[in-house]
Amino acid sequence: MAQAMERAPDALVHHEDFFAWAARTKDRFDCAVGNPPFIRYQTFKGDSRKRALDLCASLGASFSGLTSSWAPFLVATASLLKRGGRMAFVVPAEFGHAPYATPLIEYFVGHFSVVQIVAVREKLFPELSEDC
């Protein structure tokens, strides 16, 4: 947190579970851009996972037990956008084929007027095992 505050001294920095914050905040944003946390379902567990899945279910996106963290993160992020808001994220290639991505895609189609998915054939991050 200190490093974030040092790099962006005028920013408001929150240091807590994202899903707990997203469930209670009244803040809304024009855009969101980033690289969501990728925690495989085997290690995405406990209270944070429960909060994530409960929040998503309350928003209309019910994920299976095989869901990795990035999918609920994107639903929660989308829910924080103002009407007409935009988001752009680097996501795992699983987006295009994992069964647990279906509720995410359905959520996006139901909440955005335009959904664009850009598939890149070459590895964006060669040092990682996960394709994006």
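Details of the structure are given in the entry above.
Being a predicted model, the structure only gives us computed values, none of them experimental.

Enquirer: How would you explain the nonpolar core if you had to name every residue and give the values?
Expert: Phe19, Phe63, Trp70, Leu74, Val75, Leu104 and Phe108 are the most contacted members of the largest nonpolar core, which has 29 residues in total. Residue assignment for this core shows that the elements contributing at least two residues are α2 (18-24), α3 (46-59), α4 (70-79), β2 (81-89) and α5 (102-111). Examining the composition of this core, we find that 7 residues originate from one element, α4, more than from any other. Ignoring any residue separated from it by four or fewer positions in sequence, one finds Phe108 in contact with Leu74, Ala78, Met87, Phe95 and Val115.

Enquirer: Any chance you could break down the packing of aromatic side chains for me, citing the residues and the numbers?
Expert: How two aromatic rings sit relative to each other is given by the distance of their centres and the angle of their planes. Summed over all chains, the structure comprises 10 aromatic pairs. Ring centres of Phe108 and Phe112 lie 5.6 Å apart, and the angle between their planes is 85 degrees; this geometry places the pair in the edge-to-face category. Taken as a pair, Phe108 and Phe112 share a single burial class, namely buried. These aromatic residues form a ring-pair network of at least three members: Phe18, Phe19, Trp21, Phe29, Phe44, Phe73 and Phe89.

What counts, and where the lines are drawn
- Residues numbered from 1 in each chain as written.
- Predicted model: local features only at pLDDT ≥ 70, side-chain atom pairs only at ≥ 80, totals over all residues.
- Heavy atoms only, no water.
- Core = buried A, V, L, I, M, F, W, Y, C linked by side-chain atoms within 4.5 Å.
- Buried < 20%, exposed > 50% of the residue type's maximum accessible area, 1.4 Å probe, protein only.
- Helix = DSSP H or I, 4+ residues; strand = E, 2+ residues; numbered from the N terminus.
- Contact = heavy atoms within 4.5 Å.
- Phe/Tyr/Trp six-rings, centres within 6.5 Å; stacked < 30°, edge-to-face > 60°.

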